[in-house]
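Spelled out, the chains give:
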Amino acid sequence: MRKRGTLKLNMTAAFFLLPAFFFIIVYIFYPVVDVFHLSTLDWNGISPNKINIGLENWKTLLHDKYFFTAALHNILIVVLSIVVQMPLAITLAFMLDRMGRRSGILKVIYYLPSLFSTTAVGLLFSFIYTPRNGIFTVISKLFGGGIVDVLGNPHTSLLAVFSVICWTAVPYYMVFYLAAFSGLPQELYEAAVIDSANLRQYFFGIALPLLKNSIKTACTLSLIGSLKYFDLVYIMTEGGPNYSSDLMATYMYRLTFKSRQMGYGATVAVGMFLIITTFTYLFQYLINRNAKEE
Amino acid sequence: MIKKYTVKILIRVYAAVFLALSLLPFYMMIINSLKSSQDYGRNGFFTIPEEIKMINYVKVITDGIFSYFKNSIVVAVVSLLILLAIALCASYAFSRIRLRWVNLLFMLVIASMTISIHVALIPIYLLTRRIALYDTIAALVGPYVAFNLPITIFILTSFMKEIPVELEESAWIDGCGHFRFFLSIITPLSKAGIITVAIYDIISMWNEFGFALVLTQSPNTRTLPLALWNYKSQYGSNVPMLFAVLVLSVLPMAIAFAFGQDKLIKGMMAGAVKG
């Protein structure tokens, strides 16, 4: 009798979980396995003759300077994102949190840039940057300079796109930290004020240390997000000019869907997967090891 | 005393700078959409319109921008309904059925949260061609459901775990089984959680770019973010018209946001705290 009950419970659980796992297996687990297989092929994605070339693609990847340039750009974005976006997001969230109810409309407006599609944002800023009469040209002409093309200049293209990434990412992390700040008990602040601490002392001495775990989480999210970044770079520069703003994902996309090198594109995708996984675990290990030493 | 005021002023300045940074680009988008293309050609980007023209909007609307809206709405609504139905079922099992293998599967769902779409992009593209869904809006439903499932299940499961167990015991005494309990007690009680997670999901689907870029191709299957991409080459020479398209495309989100900003920010918070 009891055994039948357990069987029934197992069947019920399976029934509830089956639909979800159908989608997860078909669209997440199977592709991850399949991409490894594809990386051993020389194939354009359409023709019936797929040639198995073993590890040839991997040898190419290890000597592919474009891939490593792109990966370096990704790492640059990781560092810049954490250094630039996190302080801005934390201070904005702290300000909104201290304003309490009065922060309503400000919170809404600050959040707007995160709300819209990356295509809309990317196109909008392409025009703000446009060489003929964009913002930098207008400023440069005020001082007697000439036309400035930030997206077309290999030295500035990556930074120009990065500023737009910040514009959409800062509000996202601001909301994240706002959630963390609102989790701190109000009594903590009141106690600090009674002990005649000013805002700065409360922020650095009490709030920040308590938010350590949230900051770690946000930095991890930012790390993963920056390593797999695609949208705005593809929309604004497609990785150009001359690979100067290329990221791993944009490089992979062009190889696969523009140059039709399906097999090598898959290799780059796997390379990306391995880099993202390694960096994520390494980062987790480092920040948690430091925590233990304290 | 003086120091206190300088700090206050600095904070105000900081707040104002960000206010300007958040609003100015949208302001530019709107004023430029109201210019004629000659006006834009003469005066460029940073002037107010010589004369307010609605002609760009009229042209864009008669040009059939609504078919892209329709595609976006159909994909988002169908995906959301499937996603919520199966995520609710799975979250029920994860929060209410205590079996070891169920817990193991939950860990697997959490692990799949870190897998980026770009790793899966090529295999999904090939799969979509094989099952003859390539270049249809139906091709987007599967990936949208699958890649939003882990976070949706995660949030709903933690929500359902909060529902008190005493409720469960009294329901069992009344002799109601798992299916009845799920449908008539847990699901209605999870309403707040469902709304939160639905807002989070629908924004990410409405704005999705990568899958739509790879899995659709012709104008009549493209969603709004991709239509903007097409308009860029189509109206490349008529910039104010492109701005009209941009304004129309961000309008639904702006309206939804104006009405439901509280819920939306809550949804974003719940989504953000997944770590």
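Residues numbered from 1 in each chain as written. Chains lettered and ligands numbered in written order. Predicted model: local features only at pLDDT ≥ 70, side-chain atom pairs only at ≥ 80, totals over all residues. Heavy atoms only, no water.

Engineer: Help me out: how do you make sense of the overall build of chain B in this one?
Structural biologist: Helix and strand counts for chain B come out as 13 helices and zero strands. Reading chain B from its N terminus to its C terminus gives the helix and strand order α-α-α-α-α-α-α-α-α-α-α-α-α. For chain B, the C-alpha radius of gyration of 24 Å lies well beyond 19 Å, the compact-globule estimate for 275 residues. Taking the principal axes of its C-alpha atoms as reference, chain B extends roughly 75 × 70 × 35 Å. (Helix = DSSP H or I, 4+ residues; strand = E, 2+ residues; numbered from the N terminus. Rg over C-alpha atoms; globule rule 2.2 N^0.38 Å.)

Engineer: What am I meant to see in the packing of aromatic side chains here?
Structural biologist: What characterises a pair of aromatic rings is the spacing of the ring centres plus the angle enclosed by the ring planes. Across all of its chains, the model carries 42 aromatic pairs over all chains by this definition. Taken together, a centroid distance of 5.5 Å and an interplanar angle of 75° make the contact between Phe67(A) and Phe68(A) edge-to-face. Residue classification places Phe67(A) among the buried positions, given a relative accessible area of 2%. Relative accessible area serves as the criterion here: at 38%, Phe68(A) is assigned to the partly exposed category. Ring centres of Tyr253(A) and Phe257(A) lie 5.2 Å apart, and the angle between their planes is 35°; on these two criteria the pair is classed as tilted. Taken together, the positions of Tyr253(A) and Phe257(A), both in helix H12 (residues 248-258) and four residues apart, correspond to about one turn of that helix. We note that Tyr253(A), like Phe257(A), is buried. An aromatic cluster of at least three residues, connected via ring pairs, comprises Phe230(A), Tyr234(A), Tyr253(A), Phe257(A), Tyr125(B), Tyr134(B), Phe209(B) and Trp229(B). We note Lys50(A) situated over the ring of Trp43(A); from NZ or CZ to the ring centre the distance is 4.6 Å. Here Lys161(B) stacks its cationic end above the ring of Phe106(B), 5.4 Å away from the centre of that ring. (Phe/Tyr/Trp six-rings, centres within 6.5 Å; stacked < 30°, edge-to-face > 60°. Buried < 20%, exposed > 50% of the residue type's maximum accessible area, 1.4 Å probe, protein only. Lys NZ or Arg CZ within 6 Å of the ring centre and 35° of its normal.)

Engineer: Would you explain the interface of chain A and chain B in this entry?
Structural biologist: For interface size, the figure often reported is the accessible area lost on association. Opposite the 80 residues of chain A that make contact, chain B presents 82 residues. Among the residues chain A hides against chain B, the three largest losses belong to Phe16(A), Tyr27(A) and Phe127(A). Together they make up 10% of the total. Along the contact surface separating chain A from chain B lie zero salt bridges. Scanning the region where chain A abuts chain B turns up 10 residue pairs in polar contact (both at pLDDT 80 or more). Element by element, the count of residues in the side of chain A that touches chain B is highest for helix H1 (residues 2-38) of chain A, at 23 residues. Among the residues forming the side of chain A that touches chain B, the class breakdown is 61 nonpolar, 12 polar and seven charged. (Contact = heavy atoms within 4.5 Å. Buried area = accessible area lost by both parts, 1.4 Å probe. Salt bridge = Lys/Arg side-chain N within 4 Å of Asp/Glu carboxyl O. Polar contact = N/O pair within 3.5 Å; in protein donor to acceptor, adjacent residues only side chain to side chain. Nonpolar A, V, L, I, M, F, W, Y, C, P; charged D, E, K, R; others polar.)

Engineer: In this structure, what is going on with the side chain of Ser36(B)? I would like to understand it.
Structural biologist: With respect to the helices and strands, Ser36(B) occurs in the loop between helix H1 (2-33) and helix H2 (37-43). Contact partners of Ser36(B), with chain neighbours within four places excluded, come to Lys53(B) and Pro240(B).

Engineer: What's the story with the nonpolar core in this structure? I'm lost.
Structural biologist: It is characteristic of soluble globular proteins that their nonpolar side chains tend to be buried jointly. Among the nonpolar cores identified, the biggest contains 197 residues, and Tyr110(A), Leu115(A), Tyr177(A), Phe181(A), Phe94(B), Leu149(B) and Ile153(B) are the most heavily contacted of them. Examining the composition of this core, we find that 18 residues originate from one element, helix H7 (residues 157-182) of chain A, more than from any other. Each of domain 1 (2-56) and domain 2 (64-234) of chain B contributes no fewer than three residues to this core. Residue contacts for Phe181(A): discarding those within four places in its chain leaves Ile90(A), Ala93(A), Phe94(A), Asp97(A), Phe203(A), Ala207(A) and Leu211(A). (Core = buried A, V, L, I, M, F, W, Y, C linked by side-chain atoms within 4.5 Å. Domains from an automatic or database assignment.)

Engineer: When you look at the domain arrangement of chain B in this model, what are you seeing that I'm missing?
Structural biologist: Partitioning chain B into structural domains gives domain 1 (2-56) and domain 2 (64-234). Using only C-alpha atoms to locate each centre, domain 1 of chain B and domain 2 of chain B end up separated by 37 Å.

Engineer: Whenever I open this one, a positive patch on the surface confuses me. Can you help?
Structural biologist: Together, Arg102(A), Lys4(B), Lys8(B) and Arg12(B) make up a region of like positive charge exposed at the surface. If you trace the backbone, Lys4(B) turns up in helix H1. The class for Lys4(B) is exposed, based on a relative accessible area of 55%. (Patch = residues over 30% accessible without salt bridge, like charges linked within 9 Å, V, L, I, M, F, W, Y side chains within 5 Å. Areas by Shrake-Rupley, 256 points an atom, 1.4 Å probe, with all protein chains shown as cover. Lys, Arg positive; Asp, Glu negative; His and termini not counted. Charge placed at Lys NZ, Arg CZ, Asp CG, Glu CD.)

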